[in-house]
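Residue-level structural notes
In case you want the letters, here they are:
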Amino acid sequence: MVNPVLLIVIPLGLAFSIPLFGFISRRIVKLIPIVGMLFNLIVSLILIPKVLNKPIIVSLGGFPPPFCINLFAGPVGIIFSFLISLVGLLVSIYALDYIKVQKNRGREESYHMLYLLLLTGATGVVLTGDIFNLFVFYEILCISSYALVAYLGDKPGVESASKYLIQGSIGSSFVLIGIAFLYGKFGTLNMADIARNINSPTFEQVFFPLILLITGFGIEAAIFPLNAWLPDAHSSAPSTISAILSGIAIKIGIYAIARMVIYLIWSIKYFPVSFTVRAVDSISGRIVCIQSE
Amino acid sequence: MIFLSNYIYYTGAFGLIFIGLYILLTRHNLIKMIIGLSILDTGVNLLLISIGYIKKGTAPIFSTPNLNPQNMVDPVPQALVLTAIVISVAVLAMALSLAIRLYQHYRTLDMRKIKEQRW
């Protein structure tokens, strides 16, 4: 029996042991993210056929589900973790040579450690079944991506990272306010329990938390009016981090919004709203793209 | 006045949240923006605490035999706030270190003058 907890625990442990490996040899450090992502890839591949039969729910701490923090490894979560580990593996293979080019040898360990932490946060967001645990993993992802955008330490990197940090932390505060309202309304943090208690939600009941959560996650997902950090952060980050930002970090924001709208507050009448947002987002992106030189 | 005395913690929490947002939206100095971020985080923490608070409640520990469970303060939001404080400290440390590096590059912290990027 392979436990889905391993998908989070092994990369987290490896990430924090990277400085220790750095004492032994500088060469091992580069290989640690590849080992961690290869492990995640294999575990996700083993878990996919099992999960397609029946979702695996892991309760942590030895309490029954509504009271404990639980991991919900459904088909969508496991397939997302498979994709994250695949992208992470490919990018970390590319980073083997790319990070060496930068000629700042003292900080290689911090790059690989933050990179592995970012992927751990992303895997945690897609696998968790607890709304506050989702926030914690989301913050792990956000803080390591702020640091990685400024990794090179040059002028554009630091400037765009500080702008990204200010906007991103306002977004996380909004997410936390939304979680506080949901907890005050339903008295539980378990997503399945909230979804069970919320049957046929009235508009007023979920409007305020939903707006706060969508705005908060929308800043990380860079939905149109909230995307001011994105062009700078992408262009001034190292190429590997640029790939990870658009490949994983933004998709995690979209995944979190989808989880909130579809799974938590299931209601068909919100779909026209999300279609409109998506359409405005695409059209405005093209218009800005045509106007810029 | 009855409304204010009943909802004093919520009033304080939203007051802090809006003060923090106002500072973030109107100030241009990065250090002041970080202070606003800290006030915003404090407001969110106070909101979380006040959701689980009961007036004249006790701690949820059965220390003496005749404690009534109805009077106990909800311990879950306090655990959440403990985590949220740790996260906001990490964000603050990151923001301050970025501000130091930004000052080394530009010799100013005025975000109106730091405009090399397009957006």
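For the rest of this paragraph, the subject is the pattern of salt bridges. Working definition: two side chains of opposite charge can pair if their charged atoms are close together. For the structure on display, the rule yields 2 salt bridges over all chains. A salt bridge links Glu159(A) to Lys163(A); its shortest N-O distance comes to 2.9 Å. Of this pair, Glu159(A) and Lys163(A) both sit in helix H6 (residues 155-186), 4 residues apart, roughly one helical turn. Across the pair Asp110(B) and Arg112(B) runs a salt bridge, and its minimum N-O distance is 3.3 Å.

Moving on: the interface of chain A and chain B. At the junction of the two partners, chain A supplies 36 residues and chain B supplies 36 residues. Here chain A packs against chain B, burying approximately 3300 Å² in sum over the two surfaces, 78% of which is carbon and sulfur. On the chain A side of the interface with chain B, the three residues burying the most area are Lys155(A), Glu159(A) and Tyr183(A), jointly 18% of the side's total. At the level of elements, helix H5 (131-149), H6 and helix H9 (230-236) of chain A are the ones that each hand at least two residues to the side of chain A that touches chain B. In terms of residue count, H6(A) provides more of the side of chain A that touches chain B than any other element does, 19 residues in total. Classifying every residue of the side of chain A that touches chain B by side-chain character gives 23 nonpolar, 7 polar and 6 charged.

Attention now goes to the side chain of Glu109(A). With respect to the helices and strands, the residue Glu109(A) is situated in helix H4 (residues 108-127). Not counting residues up to four positions away in its chain, the partners in contact with Glu109(A) are Ile18(A), Gly22(A), Arg26(A) and Val29(A).

Residues and elements named next belong to chain A. The assigned domain composition of chain A is domain 1 (1-129) and domain 2 (149-293). One C-alpha centre belongs to domain 1, the other to domain 2, and the line joining them spans 22 Å. Facing 28 residues of domain 1, the contacting portion of domain 2 comprises 17 residues. Buried area between domain 1 and domain 2, summed over both chains or domains, comes out near 1900 Å², and the portion from carbon and sulfur atoms is 69%. Here domain 1 is connected to domain 2 by 0 salt bridges. Among the secondary structure elements, those contributing two or more residues to the side of domain 1 that touches domain 2 are strand E2 (69-73), helix H3 (75-101) and H4. The element contributing the most residues to the side of domain 1 that touches domain 2 is H3, with 10 residues.

Rules used throughout
Residues numbered from 1 in each chain as written. Chains lettered and ligands numbered in written order. Predicted model: local features only at pLDDT ≥ 70, side-chain atom pairs only at ≥ 80, totals over all residues. Heavy atoms only, no water. Salt bridge = Lys/Arg side-chain N within 4 Å of Asp/Glu carboxyl O. Helix = DSSP H or I, 4+ residues; strand = E, 2+ residues; numbered from the N terminus. Contact = heavy atoms within 4.5 Å. Buried area = accessible area lost by both parts, 1.4 Å probe. Nonpolar A, V, L, I, M, F, W, Y, C, P; charged D, E, K, R; others polar. Domains from an automatic or database assignment.

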